[in-house]
Amino acid sequence: MSKLLVRGGRVVDPSQGLDAVCDVLIEDGEVTRVAEGIRPGRYAEIVDAEGLVVTPGLIDMHVHLREPGQEYKETVETGTRAAAAGGFTAVAPMPNTDPVNDNRPVTEHMIKEATRHGYARVWPIGAVSVGQMGEQLAEIGDMVDAGAVAVTDDGHPVYDAELMRRVLEYSRHYDVAVIQHAEDKDLSGGGVMHEGEWSTKLGLPGWPAAAEEVVVARDLVLLATSGGRYHVAHLSTAGSLDLVRQGKARGLPVTCEVTPHHLLLTDDAVAETGFSTNVKMNPPLRSEADRQALLAGLADGTVDAIASDHAPHHADEKDVEFSVAPFGIVGLETTLSLCLDRLVRPGIIDLSRLIELLSTAPARILKVPGGSLAPGSPGDVTLFHPTKPIRINADRFRSKARNTPFHSWNLRGRAVRTIVGGRAVDPAA
Amino acid sequence: MTESTWTRKDLLGIAQLEPSEIELILDSAQTFLEVARRPIKKVPTLRGKTVVNLFFEPSTRTRSSFEIAEKRLSADSLNFSSSSSALVKGETLIDTALNLQAMAPDLVVIRHGHPGVPQMLAERIEAGVINAGDGAHEHPTQALLDALTIRQHKGRLAGLTVAIIGDIEHSRVVRSNIHLLTKMGATVRVAGPRTMMPAFVERLGVEVAYTLEEAIAGADVVMMLRIQLERQGKKLFPSVREYFQLFGLTRERLKAARRGAIVMHPGPMNRGVEIASDVADGSSSVILEQVANGVAVRMAVLYLLSGMHREAA
């Protein structure tokens, strides 16, 4: 029997309303006790957590691991290693790989690779449609059987209204969430940044807030009759958030996630950075009013989860004209520090709410084990220092990619250790 | 005139310029105008300097204007356009820039369809970079030649009202003109179809009108923009015919402007679309003077960026 005792940390577990200094005992990969002064007994490995915060393992429910097909950007190995370095014990990779994860072998490949390397758990998200082409339903049941935990055509929206209706209906057989990349491609067509004051000043084609909001609004109308569980990925506008808020008030099964970059940056960054392609993402950085609305949504509970939308790209791909650069930034190794420094430290949310957003809620939405340290939960634990300074250094990322706008930011709060299935992970190994 | 106040390596846009820098360019341009009146239209100012005209978008008049300016200054110039370059072979912009740099040019004039490219280039190469138009972002030498033309006719820029009419959203000419004219104390009024008016346009510091009459009323300068004909019949406007009815400048409509108002157009014009021929060719039109001034403004910019003014001082 393997035993691991995390001793003397401040245990914050919103799933049990717990915030106290105590010990966590993991036996054979499962949490068995959370209490003060647990005696380790013989053969127990001990992790000293004094001065650290101990939480249920963080789960990033929206990442791109690029494998199979784009291993020059990232692999399951490097992506999960980045996850472990950033305090995440599990990640949910999107299906826009090559080939697309619209079938069992690709789902199985991702899980097999993750298990082989052991840095973090991988919960693959399958495609809604074959090839993410938006036409024909993928074999969702087969993918779920192989280990997929939700479906999405992320990278692309589920554009066809009938397809959205049908996948909401069909997904009920497997009780998986349908995750929407909400973008009306006609309205956003060609847009490379938020349509607003700064797109006007810079002469860049705009991607208006309405392009996200019309899709969310339509989907909520469908959801009211189709049933199923609907989740908005990387929600970025005040208007979308209002729609989700109204949907929740009407009792609709809708949830949403926001990214750290939409919480911390705004569209003026494109001008301030002199057209840096590391502030080009989809959806784009929005206005200050949108950002403030998202922060309010964190505090009032409308926002369910924070996810990084970790989107690795090769330096060569980003070192081009702003308009032609690919969208996206990496986030696994910056998210926790950014949230601790910019959300918890100024008191926008407390630590317990942050763990809810980064662990408990993602587990609940994806219906995966974890998100809790209650006895019987998987032995997935994150240890971090809540205030220790860190200077973000992209050159030292475990990820293959360096595309981040947060390079050289000085923050307080950093991941120290992750434990997956009762085993301390060493991302340096 | 204190020419030594020019210290920039590049001219990327009007947004970054101080009013004194704008005046410096305009004053220098005024002196270069005289070269065009000489029997031998050439001065030795940039002898031995190499200027590369790097055009990633088709352009006839801007490129020709730069070329003439370069030749009149005795620079060695080279044209490098997308159709004849490695770009079609998939070379990245950065590689093109580094290759150029290896040939040690003194100045690079760049026209590109994407905003921000001149800045990107300027950060990578030692040569001075002149933005000859980047997408819908900036076209600084156009705004400068417009300002020179206005100044010649009105004697000043401050206090004037300039109406700019047409496709505001997709125009780099508008953005550079707004920056320049507002910095110099003029009032800018923009007008055009609502489908071609960018978001939060008022934050550019302009007045906004949605009829031609309202835009022109009392204006000292009426600047018409070229309508991209390929946009008609799609989602932005239904037809050239209807566009002309809404925003075409006619002699009758021009009467609403202040007495002695001048009519400008950055070219190339679509006669009968944004401007009636009798206005374009009429006594208020200064359109060909703009073209003449363009050469002088570009000579001034090439001269100032070459650093020759410092060596002369």
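Residues numbered from 1 in each chain as written. Chains lettered and ligands numbered in written order. Predicted model: local features only at pLDDT ≥ 70, side-chain atom pairs only at ≥ 80, totals over all residues. Heavy atoms only, no water.

### Some details on the packing of aromatic side chains
Here a ring pair, both rings aromatic, is described through the centre-centre distance and the interplanar angle of the planes.
Consideration 1: Evaluation of the coordinates by the stated rule reveals 6 aromatic pairs over all chains.
Consideration 2: Seen in terms of ring centroids, Phe406 of chain A and Trp409 of chain A are 4.8 Å apart; in terms of plane orientation they differ by 85°. Their pairing is edge-to-face.
Consideration 3: Residues Phe32 of chain B and Tyr303 of chain B carry aromatic rings whose centres are separated by 5.5 Å and whose planes lie at 75° to one another, so their mutual orientation is edge-to-face. Placement of the pair is Phe32 of chain B in helix 1 (residues 19-32) and Tyr303 of chain B in helix 11 (residues 287-306), with a sequence separation of 271 residues. Of the two residues examined, Phe32 of chain B and Tyr303 of chain B, each falls in the buried class.
Consideration 4: Aromatic ring contacts, followed pair by pair, group Phe237, Tyr243 and Phe247 of chain B into a single cluster.
Consideration 5: Positioned above the aromatic ring of Trp198 of chain A is the side chain of Lys201 of chain A, whose terminal nitrogen or guanidinium carbon lies 4.6 Å from the ring centre.
Consideration 6: Above the ring of Phe322 of chain A, the side-chain terminus of Lys280 of chain A is found at 5.8 Å from the ring centroid. (Phe/Tyr/Trp six-rings, centres within 6.5 Å; stacked < 30°, edge-to-face > 60°. Helix = DSSP H or I, 4+ residues; strand = E, 2+ residues; numbered from the N terminus. Buried < 20%, exposed > 50% of the residue type's maximum accessible area, 1.4 Å probe, protein only. Lys NZ or Arg CZ within 6 Å of the ring centre and 35° of its normal.)

### Some details on the sheet that holds strand 6 (residues 58-63) of chain A
Residues and elements named next belong to chain A.
Consideration 1: Strands sit in the order 6-7-8 across an open sheet of 3 strands; the sheet is parallel. The sheet terminates laterally at strand 6 and strand 8 (121-122), the two strands that pair on one side only.
Consideration 2: Examined bridge by bridge, strand 7 (residues 88-93) and strand 8 share 2 bridges and lie parallel to one another. Note on strand 8: the bridge partner recorded for Val91 is Val122.
Consideration 3: Against the sheet, helix 14 (residues 351-366) contacts strand 6 and strand 7, and its axis sits at roughly 65° relative to strand 6. (Pairing = 2+ DSSP bridges. Contact = heavy atoms within 4.5 Å. Axes fitted to C-alpha atoms, helices over the stretch in contact; angles between N-to-C directions.)

### Points about the sheet that holds strand 7 (residues 207-209) of chain B
All names here are of chain B.
Consideration 1: Pairing within the open sheet is parallel, and its 5 strands lie in the order 7-6-5-8-9. The strands lining the two open edges of the sheet, one partner per strand, are strand 7 and strand 9 (262-264). Between one strand axis and the next, the sheet turns through 20° on average, direction left out of account.
Consideration 2: Examined bridge by bridge, strand 8 (residues 221-224) and strand 9 share 3 bridges and lie parallel to one another. Residue pairing across strands places Val221 opposite Ile262, the latter belonging to strand 9.
Consideration 3: Helix 5 (residues 140-154) rests against strand 5 (161-165), strand 8 and strand 9 of the sheet, and its axis sits at about 165° to strand 9.
Consideration 4: Running at roughly 155° to strand 6 (residues 187-191), helix 6 (residues 172-183) makes contact with strand 5, strand 6 and strand 8 of the sheet.

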